[in-house]
Amino acid sequence: MMTVILVQLGLIYLASTMVKTQAVPKLNVVLVGELDYDTPKAVVAKAFNALTGQLQTEVELAHHQVNIGSSDTESKVCSNIMKVNPHVMIDVTLRPNDNFVKTSSIVKKIARDMGIPTVSATYGRLSGIKGWERLNETELMYLVQIPPPGDYMLQVIRDIAILQKMKSAGILYDSSVVMEHKFSTLLENVQTRHMILSVDGTMEDLKKRASDLDRSDIDNFFIVGTTETLTNALSTAQENKMYGREFAWFLISKEEKEQNTKPSCACINITALYIYPEPTDLTRVKMLNENQLTRAYPMVDTAFYYDLTEMTLRAVADRLKSSKWPETLSYPKCGEVMNSKQLEEREKIDLSAALQQESFDGAYGRFVINQNGKNYQELKLLFETIKIENDKAPERNKLATWTYGKPSGIVMEANIPPAVLDVYSAVTVYRVTTVVQPPFVMKREYADGRSPKYYGYCIDLIDEIKEILKFDYIISEAPDKMFGAMNEKNEWNGMIKELIDQKADIALAPLSVMAERETVVDFTVPYYDLVGISILMKKPQVPSSLFKFLTVLETNVWGCILAAYFFTSLLMYLFDRLSPYSFHNNSEKYKNDDEKRDFNIKECMWFCMTSLTPQGGGEAPRNLSGRLVAATWWLFGFIIIASYTANLAAFLTVSRLDSPIESLDDLAKQYKIKYAPQKGTSSMTYFERMAHIEEKFYEIWKNMSLNDDLNDTERAKLAVWDYPVSDKYTKIWWTMQETEMPTSFKSGVRRVKESQGSQEGFAFIADSTQVKYATMTNCDLEEIGNEFSRKPLALAVQQGSPLKDQLSSAILKLLNQRKLEGLKEKWWNKNTERVTCEDSDRQSDGISIENIGGVFIVIFIGVVLACITLAIEYWYYKQKRMNTKVVAIKQYPGKETKKY
């Protein structure tokens, strides 16, 4: 038993002795870095020292560090690298394509020409790295690039711009960020107008750069750099008053808040989005801190270079241990190219597969290795809100995360909707100037001090455009409440002046497109039909009377008719009594006739009255003299009735159609009615310009007529008795100047209402839309004539502003969607201010009850008189019967009397 134990112990000792004496493969590693960038070199050097003990049982680590200066040549760098026979080279040069410092491109060229297996931590895309353009499949196996986090964390800017559909973005970065290679690719194929500028991180430089961006209409600011730069950026926003919903600030840093890197400022009201890396392996981060590998550098950079070194060394060590990696690599001499044997040897080296097999999880995410050369670390960024109010400590809340390489993009925290992220994006706010003119722009004011509310056609229009272009606006009235006109000193007023002085971005009103305005501002495509100039007048007032039918004839005529009536009735009565052939004097002769009419005074009056009606007078007198009187009365009645009927119809018709002004020419030909446009409007400018043109034509004609250079024949051709060009507008303009022009539309309408009638007073000349709205809301006003000088209505912007094309595109889109027609229907036909007037516009109206109601009163009076007469007749009959009965009793007492 003892012998067996001794034998076993001997075997164990022998085995352990063999392990100790067995040689481990040697791993030569070359570290190449730049003289002026010590961070990666220091971290990688410390990583070598830490890993030497960990890998001593697998490989014997030997590393050689090469520092490259800007003046070093390719041969010198190659000689320094090849002092050892490297198994792998770790390249931590930064810039992929530096036109001034060639260090990175020299290293890449040497690695490619010499066939050195290399892991490069250079910034940029593999295809864009100078020296490694168009690598073949074999070269892709041993030339591997894994960019640092500072390279692809900038991709978050692109994703935010796409997600929030930013129209503009300004990117400011300091010296801690490598950005030059991103100028053309960061926002490539993204519809975001952007500027990328470098800053030195000081307040002065940041204020200058931010102001430059603000003048370029950029309101989304991405600040990439150290915490000091981010803090200064917040202070800049406060001092420049670049905060509020019009501006958005995104602070991006490689430094995390655990490293005493909390952006803050003495601000009153600032909200920003702070984006920084979040580690995925806190244990590994703690290990790095315990080994004192960082505090001078951002943890994410330190961890990356440490993890990259460890991953590379472990991957190559595993290959060496498994004999899948040559223990000794053959290289050509510096300046030469590899021979066929060396090329064949490189085909067996697959550094990319070795790294992929290692499947390394770093402190800030897993390393992803692809065969196509697109390698990266799954860097996770944390979105944290910063809100500073009244110089208090910043409020911070976790909002979302973003991981490079994952298609999910920005992932919101639980119970936080994606729309919350929109709060931290800038809302493009345009300053809109306007003039109140119903129904395009109207203002509702509140007694409690609230800001006035604007509404109307144009407000609905800008709201529709706002939804298309995604912006907001602040609206205010032009200080002088004018549209915009130029005075004799070529100075503008109104909304046009606001645009010229850059106090407004958009002029929103029924603004006419005029040639002189187009010289100082830009107009969009028209949003409304052509609008001309119209004349507003007071509607003729037709006096109404219940007895208007009596006013057809004058009072003395009615008196004569009544006198003729009574005279004829009396004459007929006298003739009937005096004529021996009348019925009264020959009652026995005519006692058997069917018609027995005694023309007493009552019958004569009845006969004359009924003779004037279609009923006729009935049986005529029997005597010839009486019939001549009747015939004369009939002829008189026929003429009177015919004249009355004709004059009544004409009188009523003429009273309705009485309107002496039908056009501008009618206004110009008379002098009783004053007329003028509103002062400072396009209507006034039209008449002023037309008068000026007539004056110019007159000067041209006069100069031609008085030209001494013309011969007699040519001068004779110009000799005319009358001036050949009309001076119509000259006279009109002179009259308008003599008339006090209204300073506002309301004052003009008031003067029209105060007019005595259509024959005298005031006619207001204004845009047809204003005139139509006035007539639509007031039944006492009417529009006269047809429109003239028609012009389109459009929005105006500052000259050269990109808003012109954007607004025009939105207006055309609304036009195609027929939404502009809907706005017109809403604010004209369905306007709540619209009043329903009587049918006075139709010329074929019948006679109203106000004018003919007296006839019904006559009937009523006649009926009342008939009732009174009936009562009198009944009373008279009863009284007469009673008297007869009393007389009979007295004559025959004691006997019954017959009923009367």
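Residues numbered from 1 in each chain as written. Predicted model: local features only at pLDDT ≥ 70, side-chain atom pairs only at ≥ 80, totals over all residues. Heavy atoms only, no water.

Peer 1: Explain the packing of helix α3 (residues 74-81) against helix α4 (residues 103-114) here, please?
Peer 2: Two measures define how a pair of helices packs: the angle their axes make with one another and the distance between the axes. Contact geometry of α3 with α4 gives a least axis separation of 10 Å together with a crossing angle of 60°. The angle between the axes of α3 and α4 places the two elements in the oblique class. Considering how the two elements wind past one another, α3 and α4 form a crossing that is right-handed. From α3, E74, V77, C78 and I81 reach across to α4, where they touch I106, K109, I110, D113 and M114. (Axes fitted to C-alpha atoms, helices over the stretch in contact; angles between N-to-C directions. Helix = DSSP H or I, 4+ residues; strand = E, 2+ residues; numbered from the N terminus. Parallel < 35°, antiparallel > 145°, perpendicular 65-115°, else oblique. Left-handed = near helix turned anticlockwise from the far one by under 90°. Contact = heavy atoms within 4.5 Å.)

Peer 1: I keep staring at the sheet that holds strand β5 (residues 143-145) and nothing clicks. Help me out?
Peer 2: In sheet architecture, strand pairing relies on hydrogen bonds along the backbone and comes in two forms, parallel and antiparallel. Read across the open sheet, the 5 strands follow the order β2-β1-β3-β4-β5; overall the sheet is parallel. Of all strands in the sheet, those with a lone pairing partner are β2 (60-68) and β5, marking the two edges. For this sheet, the mean angle separating the axes of adjacent strands, direction not counted, is 20°. With 4 bridges connecting them, strand β1 (residues 26-34) and strand β3 (residues 88-91) associate as parallel partners. Note that in β3 the partner of V30 across the bridge is M89. The strands touched by α4 within the sheet are β1, β2, β3, β4 (118-120) and β5, with β3 carrying the most contacts at an inclination of about 165°. (Pairing = 2+ DSSP bridges.)

Peer 1: Just checking my understanding: could you explain the nonpolar core for this structure?
Peer 2: Side chains of a nonpolar character, in soluble globular proteins, are inclined to be buried together. I81, I157, I160, I171, F222 and F383 are the most contacted members of the largest nonpolar core, which totals 107 residues. Ranked by residues supplied to this core, first place goes to helix α11 (residues 299-321) with 13 residues. Residues within four places of I157 in sequence aside, it is in contact with I171, L186, L187, F222, V224 and I252. Residues F440, L469, I475 and I506 belong to the second largest nonpolar core, which totals 35 residues. (Core = buried A, V, L, I, M, F, W, Y, C linked by side-chain atoms within 4.5 Å. Buried < 20%, exposed > 50% of the residue type's maximum accessible area, 1.4 Å probe, protein only.)

Peer 1: Looking at this structure, how should I read the sheet that holds strand β11 (residues 361-362)?
Peer 2: Here 3 strands make up an open sheet; going across it, the order is β11-β12-β13 and the pairing antiparallel. The open sheet is flanked by β11 and β13 (376-377), the only strands paired with a single partner. Sheet topology note: the β11/strand β12 (residues 365-368) ladder contains 2 bridges and is antiparallel. Each residue of the ladder has a partner; that of D361, found in β12, is R366. Against the sheet, α11 makes contact with β11, β12 and β13, and its axis sits at roughly 50° relative to β12, the strand it touches most.

Peer 1: Just checking my understanding: could you explain the pattern of salt bridges for this structure?
Peer 2: One side chain can pair with another of opposite charge once the charged atoms of both are near each other. As enumerated under the stated definition, the model contains 34 salt bridges in all. Here D301 makes a salt bridge to K254, at a shortest N to O gap of 2.8 Å. A residue pair is termed long-range when its members are at least 10 positions apart, and D301 in helix α11 and K254 in the loop between β9 (248-252) and β10 (269-277) qualify at 47 residues. For D448, the salt bridge identified is with R450, shortest N-O distance 3.0 Å. Looking at D448, the relative accessible area reads 55%, which means it is exposed. Taken together, the shared-partner salt bridges connect E278, K380, K398 and E413 into one network. (Salt bridge = Lys/Arg side-chain N within 4 Å of Asp/Glu carboxyl O.)

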